[in-house]
Amino acid sequence: MDTLAAAPGTGPNTSPLPVLRKPRPRATFEALPTDRAVVMGILNVTPDSFSDGGQHATADTAIAAGLRMFYGGADIIDVGGESTRPGAAEVPEDEEQRRVLPVIEALVKAGALVSVDTRRASTAAKALDAGALIVNDVSGITVSQEMIDVVAGRGAYYILMHNRGPSRVMDSLSEYGDVLEDVLAETTKVRDRLREAGVEDEKIIVDPGLGFAKTADHNWALIAGIERFLGLGHKVLVGASRKRFLGELLTTAGKAAAFEERDAATAAITTLTVAKGVWGVRVHDVASNLDAVRVVARARG
């Protein structure tokens, strides 16, 4: 894509003339930090995502935002073209791909490690062709066999996030006996399907799916029991960033905290879960969460 923002080696805050940076080698998963938790920056190329919908709705604005995250220290940029907020409408596959593929291509050229946030096998395949290395799938227990086959066939890394259904109905699917035991059991069943298809254990990343078919109390219970997910033997990713349960916790005078007022609470969740051993966090504000994971790493010595 011929755009200044997309040019490899240019910074996010460019003048009409490019400011060239030293070319970066192609990103690899193996080069991710091992001395601290990984920070994944959220990049929604959508008009309706719950926190940043519309902010990065064009390729150029999304690329610029992704480069800011990358140069600001994000280890992975997670690019999504369909909102997963509760009640969100589905986006046609061709529209999802129109949104994300140019952004992925540009960020990969700039040297970023990119994941694609999609529940569709066709979008995942095209994103991997464009240079993404990770598929971040919110399908949960409804994951398609086609998606599993794509991930297995391409040797991609796969984020297995717990969920029980599509965004438009997931709030109605939050009945559990014991939320921790039920989520672990349902996650394990999907993990076993991935294994059977040939996906290697080291390429499976488990996410408890905070906010997806879960109430605030469920989310807090999963955070408290996050060590149980570590016991599955896979990397664990936590995505609490700016979510509704944090807004509810920070309610003042009957009004939930605005999205941008939830970053300190997000960083607190990052600190808690990283201290317990999670591999990574998925966040909107890279800087504060990068500080948090560095503090935990230094405190551990």
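Conventions we followed
- Residues numbered from 1 in each chain as written.
- Predicted model: local features only at pLDDT ≥ 70, side-chain atom pairs only at ≥ 80, totals over all residues.
- Heavy atoms only, no water.
- Phe/Tyr/Trp six-rings, centres within 6.5 Å; stacked < 30°, edge-to-face > 60°.
- Helix = DSSP H or I, 4+ residues; strand = E, 2+ residues; numbered from the N terminus.
- Buried < 20%, exposed > 50% of the residue type's maximum accessible area, 1.4 Å probe, protein only.
- Contact = heavy atoms within 4.5 Å.
- Pairing = 2+ DSSP bridges.
- Axes fitted to C-alpha atoms, helices over the stretch in contact; angles between N-to-C directions.
- Parallel < 35°, antiparallel > 145°, perpendicular 65-115°, else oblique.
- Left-handed = near helix turned anticlockwise from the far one by under 90°.
- Nonpolar A, V, L, I, M, F, W, Y, C, P; charged D, E, K, R; others polar.
- pLDDT = per-residue confidence, 0-100.
- Polar contact = N/O pair within 3.5 Å; in protein donor to acceptor, adjacent residues only side chain to side chain.

**Q** I'm lost on the packing of aromatic side chains in this one. Help?
**A** Think of a pair of aromatic rings as described by two things: how far the centres are apart, and how the planes are tilted against each other in angle. Tallied over the full model, the rule gives four aromatic pairs. Seen in terms of ring centroids, Phe29 and Tyr157 are 3.7 Å apart; in terms of plane orientation they differ by 10°. Their pairing is stacked. Here Tyr157 lies in strand β5 (residues 157-161) and Phe29 lies in the segment before β1 (38-44), a separation of 128 residues in the sequence. The exposure class assigned to Tyr157 is buried, which follows from its relative accessible area of 10%. Three or more aromatic residues joined by ring pairs make a cluster, and in this case those are Phe29, Tyr157 and Trp279.

**Q** Looking at this model, I keep getting lost on the environment of Val79. Mind explaining?
**A** When you line up the elements, Val79 lands in strand β2 (residues 76-80). Here the alpha-carbon distance between Val79 and Asn136, two residues 57 residues apart in the chain, equals 9.1 Å. Those residues in contact with Val79 that lie beyond four places of it in its chain are Leu43, Val45, Val100, Val103, Ile104, Leu107, Val114, Ser115, Val116 and Asp117.

**Q** Is there a simple way to explain the sheet that holds β1 in this structure?
**A** In any sheet, the strands associate via hydrogen bonds between backbone groups, in a parallel or an antiparallel arrangement. Ordered by their spatial adjacency, eight strands build a closed barrel running β1-β2-β3-β4-β5-β6-β7-β8, and the pairing between neighbours is parallel. Sheet twist, expressed as the average angle between the axes of neighbouring strands with direction ignored, equals 25°. Of the strand pairs in this sheet, strand β6 (residues 204-207) and strand β7 (residues 235-238) are connected by two bridges, and their pairing is parallel. Each residue of the ladder has a partner; that of Ile205, found in β7, is Lys235. The strands touched by helix α9 (residues 263-275) within the sheet are β7 and β8 (280-283), with β8 carrying the most contacts at an inclination of about 170°.

**Q** I tried to follow the packing of helix α4 (residues 145-154) against helix α5 (residues 179-197) on my own but got confused; where do I start?
**A** Each pair of packed helices can be summarised by the angle the axes make with each other and by the distance between the axes. For the pair α4 and α5, interaxial distance at closest approach is 9 Å and the crossing angle is 50°. Accordingly, the angle class assigned to the pair α4 and α5 is oblique. The two elements α4 and α5 cross, and the hand of that crossing is right-handed. Side by side, α4 and α5 meet where Gln145, Ile148 and Ala152 of the first sit next to Arg193, Leu194 and Ala197 of the second. Considering only residue class, the contact of α4 with α5 consists of four nonpolar, one polar and one charged.

**Q** What's the story with the packing of α5 against helix α6 (residues 216-224) in this structure? I'm lost.
**A** For the pair α5 and α6, the least separation of the axes is 9 Å and the interaxial angle reads 75°. Classified by the angle between their axes, α5 and α6 sit roughly perpendicular to one another. Note on element contacts: α6 touches α5 through His218, Ala221 and Leu222, opposite Val179, Leu180 and Val183.

**Q** For this particular structure, what's the right way to read the confidence of the model for the chain?
**A** When pLDDT drops low, the exact placement of atoms in the prediction is not to be read closely. Across the chain, the average pLDDT comes to 90, with 88% of residues at or above 70. Segment residues 1-20 is flagged for pLDDT under 50; beyond a separation of four residues in sequence, or across chains, it makes 41 contacts in the model.

**Q** Whenever I open this one, the pairing of β8 confuses me. Can you help?
**A** Two faces, one strand: in a regular strand the side chains alternate between the faces of the sheet. Going residue by residue along β8, you find Gly280 and Arg282 tucked away on one face and Val281 and Val283 tucked away on the opposite face as well. Sheet topology places β1 next to β8; four bridges connect them, and they run parallel. Within the sheet, the bridge partner assigned to Val39 lies in β8 and is Val281. In the sheet, β7 pairs with β8 via two bridges, with the strands oriented parallel. If you follow Val238 over to β8, its bridge partner there is Val281.

**Q** Help me out: how do you make sense of the environment of Val179 in this one?
**A** With respect to the helices, strands and loops of the structure, Val179 is situated in helix α5. In this structure, the C-alpha to C-alpha distance between Val179 and Leu222, residues 43 residues apart in sequence, is 7.5 Å. Discounting chain neighbours no more than four positions away, the residues touching Val179 are His218, Ala221 and Leu222.

**Q** Would you take a moment to explain the side chain of Lys243 for this structure?
**A** In this fold, Lys243 is placed in the loop between β7 and α8 (244-249). At a separation of 2.6 Å, a polar atom in the side chain of Lys243 contacts the main-chain carbonyl oxygen of Leu210.

**Q** Quick question: what am I supposed to make of the environment of Ala89 here?
**A** Secondary-structure assignment places Ala89 in the loop between β2 and α2 (93-109). Among the residues examined, Ala89 registers a relative accessible area of 53% and is labelled exposed. The spatial distance from the C-alpha of Ala89 to the C-alpha of Pro166 is 9.2 Å, given a sequence separation of 77 residues.

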